[in-house]
Amino acid sequence: MSRGTWPICAAAAPFRYAEPVSGRFITFEGIEGVGKSTQLAHAAAYLRGRGIEPLLTREPGGTKLAEQLRSLVLEPHDEPVTPTVELLVIFAARASHVAGKIRPALKRGSWVLCDRFTDATEAYQGGGRGLRLAWIRQLAKIAHPRLTPHLTFLFDAPPEIALGRMEKRGARLDRIEAETFAFFERVRSGYLAIAVREPERVRVIDATGSEEQIAAAVVHELANCLRATE
Ligand code: Z5A
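Residues numbered from 1 in each chain as written. Predicted model: local features only at pLDDT ≥ 70, side-chain atom pairs only at ≥ 80, totals over all residues. Heavy atoms only, no water.

**Overview of the overall build of the protein chain**
Across its full length, the protein chain carries eight helices and five strands. Traced from its N-terminal end to its C-terminal end, the protein chain shows the element sequence β-α-β-α-α-β-α-α-β-α-α-β-α. Judged by the C-alpha coordinates and their principal axes, the protein chain covers about 55 × 40 × 30 Å. Split into buried and exposed, the 230 residues of the protein chain put 52% on the buried side. Here the protein chain displays about 10,800 Å² of accessible surface, and carbon together with sulfur accounts for 56% of that area. Both charge centroids of the protein chain, one from 31 positive and one from 27 negative side chains, sit 7 Å from each other. (Helix = DSSP H or I, 4+ residues; strand = E, 2+ residues; numbered from the N terminus. Buried < 20%, exposed > 50% of the residue type's maximum accessible area, 1.4 Å probe, protein only. Areas by Shrake-Rupley, 256 points an atom, 1.4 Å probe, with all protein chains shown as cover. Lys, Arg positive; Asp, Glu negative; His and termini not counted. Charge placed at Lys NZ, Arg CZ, Asp CG, Glu CD.)

**Some details on the environment of Thr 229**
When you line up the elements, Thr 229 lands in helix H8 (residues 211-229). Overall, the relative accessible area of 25% leaves Thr 229 in the partly exposed class. Counting along the chain gives 205 residues from Thr 229 to Arg 24, while the straight-line C-alpha distance between them is 9.2 Å. Within the structure, the side chain of Thr 229 is placed 2.7 Å from the backbone oxygen of Leu 226, a separation counted as a polar contact. (Polar contact = N/O pair within 3.5 Å; in protein donor to acceptor, adjacent residues only side chain to side chain.)

**Details of the side chain of Thr 63**
Position of Thr 63 relative to the elements: it lies in the loop between strand S2 (55-58) and helix H2 (64-74). A residue is classified by how much of its surface remains accessible, and Thr 63, at 17% relative accessible area, is buried. In this structure the side chain of Thr 63 is engaged in a polar contact, spanning 2.6 Å, whose partner is the side chain of Ser 96. In this structure Thr 63 touches Ser 96, His 97, Gly 100 and Lys 101, once residues within four positions along its chain are discounted. (Contact = heavy atoms within 4.5 Å.)

**What to know about unusual backbone geometry**
Only a minority of non-glycine residues have a phi that is not negative, and only a minority of peptide bonds are not trans. Going from Glu 59 to Pro 60, the amide bond is cis rather than trans, its omega being -10°. Although it is not a glycine, Arg 116 sits at a positive phi angle of roughly 80°. Mapped onto the fold, Arg 116 is located in the loop between strand S3 (111-115) and helix H4 (118-128). Residue classification places Arg 116 among the buried residues on the basis of a relative accessible area of 12%. Notably, Arg 146 is not glycine yet its phi reads approximately 60°, a positive angle. Considering the arrangement of structural elements, one finds Arg 146 in the loop between helix H5 (133-143) and strand S4 (151-156).

**Some remarks on H4**
For H4, a buried count of ten out of eleven residues is recorded, marking the element as mostly surrounded by other parts of the structure. Listing the buried residues of H4 in full gives Thr 118, Asp 119, Ala 120, Thr 121, Glu 122, Ala 123, Tyr 124, Gln 125, Gly 126 and Gly 128. Of the surrounding elements, those touching the buried residues of H4 are strand S1 (24-29), helix H3 (83-108), H5, S4 and helix H7 (181-197). Immediately beyond the C-terminal end of H4, within one or two residues, lies Gly 130, with a positive phi of roughly 85°.

**Details of the sheet that holds S4**
Sheet architecture is open: five strands sit in the order S2-S3-S1-S4-S5, paired in parallel fashion. Because the sheet does not close on itself, it has two edges, and the strands there are S2 and strand S5 (202-206). Each strand of the sheet is rotated relative to its neighbour by a mean of 20°, with strand direction disregarded. (Pairing = 2+ DSSP bridges. Axes fitted to C-alpha atoms, helices over the stretch in contact; angles between N-to-C directions.)

**Here we look at the confidence of the model for the protein chain**
For the protein chain, the average pLDDT comes to 90, and 90% of its residues sit at 70 or higher. Across residues 10-18, confidence stays below pLDDT 50; counting only partners more than four residues off in sequence or on other chains, it has 19 contacts. (pLDDT = per-residue confidence, 0-100.)

**Remarks on the layout of surface pockets**
Quantified by volume, the largest pocket comes out at close to 820 Å³. Taken together, 37 residues form the lining of the largest pocket, with Glu 32, Lys 36, Ser 37, Arg 116 and Glu 177 sitting closest to its centre. Of all the secondary structure elements, the ones that give two or more residues to the lining of the largest pocket are helix H1 (36-49), H2, H3, H4, helix H6 (159-169) and H8. (1 Å grid on protein atoms, 1.4 Å probe; cavity = no way out; pocket = protein on both sides within 12 Å on 5 of 7 lines; lining within 4 Å. Points joined across faces, edges and corners; volume = space filled by probe spheres on them.)

In structure tokens form, the structure reads like this:
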């Protein structure tokens, strides 16, 4: 495949906003505690074993400015943070991340593994908070025109399992993590709606199994992705 074309990671139709980059942009999504960070590390190890050193990054965050915005939006505040404020801060962070880190890496030909991206906004701010999806799509066009992940892993599990893992870990909850069970049910539904809409890009992985079982499913998809790019 020549430089300037963008094979995607399965036999699928081209994406509307994909742009000519030679790297691969792979995102990891799901409700909190579902195991996406754990699986991102497995994916990175697999790629390294195949001679590819991926760039690992996360959202909100990834650049100095975006990490500051992450702290601002996730830390508890003594005044209300409205859903619209949350949305705009997240997209400000994303615009910085895409311009400062993701796009340059993709243009260099790197594989970028990103813990969450715009699907998270659709699921959390759209599904969870009830903001209009049309606004989110409009902001996405502004923050990352013509850029869509080549492949997205959606780790799916009921909130009781995912949140149970977080509880076991015993970490302090941030402002969004402290939301209600019903909130995470809506977020999960928001994610699954994306997978129904974009089955070529979004691979739904059953995240209720063991870490090793899930890693095997991820590696299987990555192997397909590698074959498609050879
Ligand atoms: N947010 C948003 O609202 N809108 C947006 O657009 C974006 C983000 C981009 C920070 O996200 C918050 O930002 C997030 C959504 C919001 N808040 N919430 N909720 P984050 O990705 O940085 O943080 P997080 O979602 O809370 O995820 P996390 O802590 O990184 O969890 P995870 O990556 O899904 O899971 P993990 O760390 O890999 O695993 C959790 C624990 O489970 C850990 O102890 C593991 O060892 C264990 N684990 C992992 N896999 C398994 C299996 N298979 N079985 C048993 N135990 C397991």
